[in-house]
Amino acid sequence: MITGKTKLLGVIGHPVSHSLSPVMHNAAIAHLGVDFVYLPLPVQSKDLAKAIAGFTAIGLEGFNITIPHKQAIMPFLTEISPIAKAVGAVNTVWRTEQGWKGTNTDMIGFLAPLKQRDQPWTETDAVILGNGGAARAVVAGCAELGCRSIRVVGRDRAKLAAFQYWANSAVTTPLYTHEWSDLATLIPPAGLVVNTTPIGMHPHVNQSPVELSLLKTLQPGAIAYDLIYVPQPTLFLQQAVQCGAIAIDGLEMLVQQGAAALEIWLQQPAPVAIMRRSLQQHLNLA
Ligand code: NAP
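All values reported here derive from a predicted model rather than from experimental measurement.

Rules used in this analysis
- Residues numbered from 1 in each chain as written.
- Predicted model: local features only at pLDDT ≥ 70, side-chain atom pairs only at ≥ 80, totals over all residues.
- Heavy atoms only, no water.
- Helix = DSSP H or I, 4+ residues; strand = E, 2+ residues; numbered from the N terminus.
- Rg over C-alpha atoms; globule rule 2.2 N^0.38 Å.
- Buried < 20%, exposed > 50% of the residue type's maximum accessible area, 1.4 Å probe, protein only.
- Areas by Shrake-Rupley, 256 points an atom, 1.4 Å probe, with all protein chains shown as cover.
- Lys, Arg positive; Asp, Glu negative; His and termini not counted.
- Charge placed at Lys NZ, Arg CZ, Asp CG, Glu CD.
- Polar contact = N/O pair within 3.5 Å; in protein donor to acceptor, adjacent residues only side chain to side chain.
- Contact = heavy atoms within 4.5 Å.
- Disulfide = S-S within 2.5 Å.
- Pairing = 2+ DSSP bridges.
- Axes fitted to C-alpha atoms, helices over the stretch in contact; angles between N-to-C directions.
- Domains from an automatic or database assignment.
- Buried area = accessible area lost by both parts, 1.4 Å probe.
- Salt bridge = Lys/Arg side-chain N within 4 Å of Asp/Glu carboxyl O.
- Nonpolar A, V, L, I, M, F, W, Y, C, P; charged D, E, K, R; others polar.

(A) Representation of the overall build of the protein chain. When its secondary structure is counted, the protein chain shows 11 helices and 12 strands. Taken over C-alpha atoms, the radius of gyration comes to 19 Å for the protein chain, in line with the 19 Å a tight globule of 286 residues would show. Per-residue burial for the protein chain yields a buried fraction of 51% across its 286 residues. For the protein chain, the accessible area works out to roughly 13,400 Å², and carbon and sulfur atoms hold 55% of it. The positive charge centre, built from 19 side chains, and the negative charge centre, built from 18, are 4 Å apart in the protein chain.

(B) The side chain of H178, seen in detail. Locating H178 in the fold gives a position in strand β9 (residues 175-179). Here D182 takes part through its side chain, which lies 3.0 Å from a polar atom of the side chain of H178. H178 has contacts with R151, V152, V153, G154, L160 and L186, leaving out every residue within four places of it along the chain.

(C) Spatial organisation of the state of the cysteines. Using the criterion set out here, one finds zero disulfides in the structure. No disulfide involves C147; its nearest neighbouring cysteine sulfur is the one of C142, lying 4.5 Å away.

(D) The arrangement of the sheet that holds strand β8 (residues 149-154) in detail. Pairing is parallel across the open sheet formed by six strands, whose spatial order is β9-β8-β7-β10-β11-β12. Strands at the two margins of the open sheet, each flanked by one partner only, are β9 and β12 (246-248). Sheet twist, expressed as the mean angle between neighbouring strand axes with direction ignored, is 20 degrees. Alignment of β8 against β9, held across five bridges, turns out to be parallel. From the neighbouring strand, V152 faces β9, where its bridge partner is T177. Across the face of the sheet, helix α5 (residues 133-145) comes into contact with β7 (125-129), β8, β9 and β10 (192-195) while running at roughly 175 degrees to β7.

(E) Region of interest: the domain arrangement of the protein chain. Partitioning the protein chain into structural domains gives domain 1 (7-104 + 252-282) and domain 2 (108-249). Each of domain 1 and domain 2 has a C-alpha centre, and the two are 26 Å apart. Facing the 10 residues of domain 1 at the interface are 14 residues of domain 2. Here domain 1 and domain 2 share an interface that buries about 1,000 Å² over both sides, 72% of which is from carbon and sulfur atoms. Counting across the interface, domain 1 meets domain 2 through zero salt bridges. The tally of links between domain 1 and domain 2 comes to one residue pair in polar contact (both at pLDDT 80 or more). Looking at the side of domain 1 that touches domain 2, the elements that each hand over two or more residues are α3 (82-87) and α10 (251-266). At six residues, the largest contribution of residues to the side of domain 1 that touches domain 2 is made by α10. Considered class by class, the residues forming the side of domain 1 that touches domain 2 number seven nonpolar, two polar and one charged.

If you want it as structure tokens, here you go:
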């Protein structure tokens, strides 16, 4: 029950109506019986400063940040964690006496299902499809795993050059950037292929970032990881499994990045199974 003492959490973005974070966080809050509520807070870019001032005024405990504010939030924070600085984006903020502090839990979320696998990471070559915001957290994650090499595939040479420039200071793992036409040579040696593009999401559910003929060249036991969580499975994962790959979808990353944020706000372990189940039920997957 929401009372006069209920503490406020939320997610800011534009749009936020599609966000699944309120579903899993409020399920966790109800399960733990803590006096919090997690709200969708639509904030346009032009209103970000006013919104943050308002959050300070009303004593919001913390919030998640989604598109388009993950970089723009940084000037409003008194402290940014090393991982958020390395990734260049903040997705979780919490209030302290010194002001707002921020971090990025996307890398923790990305790594969670991979760390459960007994994979020879130092012999694994990773191929990352896409070079946007999520790709940076994925690259930082692959570097932390100790991957032998990271190859990032994009369609815009200027953006690829900017990505390479960022990576040169963010990770020590050998990282190369490629255009999509190089994919035929990148897929056969890859032990991990991660889709960070929206290809395969609604309304393009019949599209895959990698053609079936190329997926057939994957090594047996290679991991195909799609950051997309709806539909489940994406065409990419469906075809990768047909070709002998191990599939990981984006739902666990979503759950685990949320759990890591909730633990910062509540200072207690997050009920990960409850959060996962709430999303599966919401998405009719359970
Ligand atoms: P973003 O910054 O917009 O990056 C998207 C990337 O995909 C860009 O490199 C973009 O290329 C590329 N791309 C888009 N459409 C393409 C196409 N038709 N062909 C080739 N490349 C294309 O977005 P993001 O924040 O990184 O998110 C990317 C995806 O990850 C989204 O589907 C998002 O839902 C998902 N995600 C999932 C989680 C999770 O917890 N599971 C967390 C974060 C993100 P250009 O730059 O050239 O346009």
